[in-house]
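Observations on chain architecture
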Amino acid sequence: MTKADQVERELKLGAWPEFVLPDLNGFVDGAKPGEPERHDLDAVYYDTPDLKLLRRGATLRFRRGEPPSDLWTAKLPSDASAQGLARREISVSGRRDVVPKQFVDVMRGWALGRALRPVARVSTTREAIPLCDDGGRMLATMDDDTVTVRRGRRVVARFRELEVELVGDAPAEILGAIDEALRSAGAEHVAQIPKLTRALGREAALPWDLEVPPLGSKTTMAQAAQSRLRVSVAHLVDLHAPLVLDAEDSAQRARDVVQAVGAKLDLFAALLEPEQSEPMREELRRLDNDLARVAELDALLARAPQASDARKLSARLGDARARAHATLLRSLRARPYVALLERLAEIATKPPLETDAGRRRAAPAAGKFVRPLWRELRHEEEAPARRVAKLEAAVELAAAVLDEEAQPALERVRELRTLIAEHDRLLAMARRLRAIRRRLDPDESWAAGMLAGTAAAQADAIRARFPAVWQNAADKAIWNWAD
């Protein structure tokens, strides 16, 4: 099995059938085209029946006809880097009749539990032209594609497309030079979208299920609450692929989002009346526990000393981390997790069952909604992270409908919640290390004790900051809108 991961930097232009490519010699200083190669490509795209992947900007295909072998390719959304993914395209050689398990896992979140099946067949006659510098180093490739798209036996589109993709670290300015040369010859700008999106038209261009629409001036409290919940559910769904691909810090980021989803479900129940069954609550707790084990071991490994007497401990922690991630992957494949995503998406997207409180206009009612939670914070010296997370969710709703008025309070509550969460994580790390010391040899036990002591000392230092941060968050001057 071979794999290739890359970030695409490309340009797409449209051309009519009789379009003649211009002479590209010297489109930038010293650059020239090489000998073209012809390929007849046949690709089958997989998606849900309503194109959930494509509408999120992801595609999965099997294609044959291009060396070195038949390939399965998953293309991730263009904003994948925002979720910690350093690459947008993953290719794996394989058989057409078996979707690679890795790709089923990666796409499961965006599919929202739906099975993947063939949705279109794309046949492409390609003339591939390398664009090289004077030394023969390839700078870019230009594909002149004549494309036919079928759904079942029906041809749904035919078009010609020019696609230029930079190679390696070639400067981005090359795309601009090629764009100018091709458009001067008559090529036309087209939407920079996958061929399949262009071919399938309106159905593929529908908004993603979890895209968050803007709030209007007459937004109700229920609509505002649902919008804020949708933000967190969309973030959770987007973090599924980074979790599968084990992107850096993805477990901790996903855990923060899971806790935000739980807080919003609890807080907004009075506005939305979501039917929160105990299995749904239990799955959120179980997912949080699985994520916590991976995130905690990530933090321990990042803090573990590199001295020779600590290498055994680091190796032991690394083994434990691998087991914890394997457990997490099993959970992400299980039906309860998929059912959780389905139910969350349903609550976040279907018209809410508004209560009396939910029917109120959001702008004048938001302050009153926040007030009880804010008063609890004001009259206490500290509170558990869960309560502060609910206050954060309430202020986030208010900030969405009150423009800038509630933003300072939101920023300070977020600072407080982040501080409490980091304190709790450090204490959990110290407890884990102290618990396992008895099972370690002397060198490992010493290293674990040192690491536990450091984590506990860091937790104490954070706790010493609580009064100032708490007072800052409770400052009446930033809560006038809620009084």
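It should be emphasised that the depicted structure is a prediction, and the values quoted were computed from it without experimental measurement.

1. Here's the deal with the overall build of the protein chain
Within the protein chain one finds 15 helices and 11 strands. With the C-alpha coordinates of the protein chain rotated into their principal frame, the extents come out at 75 × 65 × 45 Å. Taking all 483 residues of the protein chain together, the buried fraction comes to 49%. Sequence separation of 24 or more characterises 73% of the internal contacts of the protein chain that already satisfy a separation of 6 or more. By element, 50% of the accessible surface of the protein chain is carried by carbon and sulfur atoms, the whole surface being about 23,200 Å². Computed over 77 positive and 75 negative side-chain charges, the separation of the two mean positions in the protein chain equals 6 Å.

2. Things to note about the side chain of Glu396
Along the polypeptide, Glu396 turns up in helix H13 (residues 385-401). Judged by its relative accessible area of 10%, Glu396 falls in the buried class. Apart from the residues within four sequence positions on either side, Glu396 is in contact with Arg228, Lys264, Leu410 and Arg414.

3. Side note on the layout of surface pockets
Considered as a void within the structure, the second largest pocket measures approximately 930 Å³ in volume. Residue assignment for the lining of the second largest pocket shows that the elements contributing at least two residues are helix H8 (250-272), helix H9 (278-303), H13 and helix H14 (407-436). Of the residues forming the lining of the second largest pocket, the biggest block, 13 residues, is contributed by H9. A breakdown of the residues in the lining of the second largest pocket according to their chemical character gives 15 nonpolar, five polar and 15 charged.

4. Here's the deal with a negative patch on the surface
Where like charges cluster on the molecular surface, the negative patch consists of Asp403, Glu404, Glu405 and Glu411. On the secondary structure map, Asp403 appears in the loop between H13 and H14.

5. Quick notes on helix H2 (residues 101-111)
By the criterion of burial, H2 is predominantly enclosed, with eight of the 11 residues buried. Taken as a whole, H2 has its buried residues at Phe103, Asp105, Val106, Met107, Arg108, Gly109, Trp110 and Ala111. Leu112, located one to two residues past H2, shows a positive phi value of around 50°.

6. A short note on the side chain of Glu392
With respect to the helices, strands and loops of the structure, Glu392 is situated in helix H13. In this structure, Glu392 is in contact with Leu410, Val413, Arg414 and Arg417, ignoring residues within four places of it in sequence.

7. Re the pattern of salt bridges
Enumeration according to the criterion identifies 50 salt bridges in this entry. Here Arg108 ties to Asp105 by a salt bridge, and the two come within 2.9 Å at their closest N and O atoms. Separated by three residues within a single helix, Arg108 and Asp105 lie in helix H2, roughly one turn from each other. Relative accessible area serves as the criterion here: at 4%, Asp105 is assigned to the buried category. Across the pair Arg343 and Glu346 runs a salt bridge whose closest N-O atoms are separated by 2.9 Å. On the criterion of helical spacing, the pair formed by Arg343 and Glu346 is a turn pair, its members being three residues apart in helix H11 (residues 335-349). Connected through salt bridges with shared partners, the residues Glu10, Lys12, Arg126, Asp143, Asp145, Glu161, Glu163, Lys195 and Arg198 form a single ionic network.

8. Some thoughts on the packing of aromatic side chains
Applying the stated rule across the entire model yields six aromatic pairs. Here Tyr46 and Trp72 contribute two aromatic rings whose centre-to-centre distance is 5.1 Å and whose plane-to-plane angle is 50°, an arrangement assigned as tilted. Residue Tyr46 is located in strand E4 (residues 37-47), and its partner Trp72 is located in strand E6 (residues 71-75); the two are separated by 26 residues in the primary sequence. As far as the burial class goes, Tyr46 and Trp72 line up, both buried. Through a chain of ring-to-ring contacts, the aromatic side chains of Tyr46, Phe62 and Trp72 assemble into a single cluster. When the ring centre of Trp208 is taken as reference, the NZ or CZ atom of Arg56 above it lies at 4.6 Å.

9. What to know about the confidence of the model for the protein chain
With 94% of its residues at a pLDDT of at least 70, the protein chain reaches an overall mean of 88. Note on residues 1-7: pLDDT is under 50 here. Beyond four places in sequence and across chains, it has 22 contacts.

10. Section: the pairing of E4
Burial analysis of E4 places eight of its 11 residues in the buried class, which makes it a mostly covered element. In this structure, E4 lies alongside strand E5 (residues 59-64), joined through five bridges in antiparallel fashion. By the bridge assignment, Tyr46 is partnered in E5 with Leu60.

11. Focus: the pairing of E6
E6 sits mainly inside the fold: four of its five residues count as buried. When E5 meets E6, the two strands line up antiparallel, connected through five bridges. By the bridge assignment for E6, Leu60 is matched with Ala74. Connecting the antiparallel pair E5 and E6 is a turn made up of six residues, with Gly65 showing a positive phi of about 115°. The pairing of E6 with strand E7 (residues 89-93) spans five bridges and is antiparallel. Across the sheet, residue Leu71 finds its bridge partner in E7, namely Ser93.

Cut-off values and rules
- Residues numbered from 1 in each chain as written.
- Predicted model: local features only at pLDDT ≥ 70, side-chain atom pairs only at ≥ 80, totals over all residues.
- Heavy atoms only, no water.
- Helix = DSSP H or I, 4+ residues; strand = E, 2+ residues; numbered from the N terminus.
- Buried < 20%, exposed > 50% of the residue type's maximum accessible area, 1.4 Å probe, protein only.
- Contact = heavy atoms within 4.5 Å.
- Areas by Shrake-Rupley, 256 points an atom, 1.4 Å probe, with all protein chains shown as cover.
- Lys, Arg positive; Asp, Glu negative; His and termini not counted.
- Charge placed at Lys NZ, Arg CZ, Asp CG, Glu CD.
- 1 Å grid on protein atoms, 1.4 Å probe; cavity = no way out; pocket = protein on both sides within 12 Å on 5 of 7 lines; lining within 4 Å.
- Points joined across faces, edges and corners; volume = space filled by probe spheres on them.
- Nonpolar A, V, L, I, M, F, W, Y, C, P; charged D, E, K, R; others polar.
- Patch = residues over 30% accessible without salt bridge, like charges linked within 9 Å, V, L, I, M, F, W, Y side chains within 5 Å.
- Salt bridge = Lys/Arg side-chain N within 4 Å of Asp/Glu carboxyl O.
- Phe/Tyr/Trp six-rings, centres within 6.5 Å; stacked < 30°, edge-to-face > 60°.
- Lys NZ or Arg CZ within 6 Å of the ring centre and 35° of its normal.
- pLDDT = per-residue confidence, 0-100.
- Pairing = 2+ DSSP bridges.

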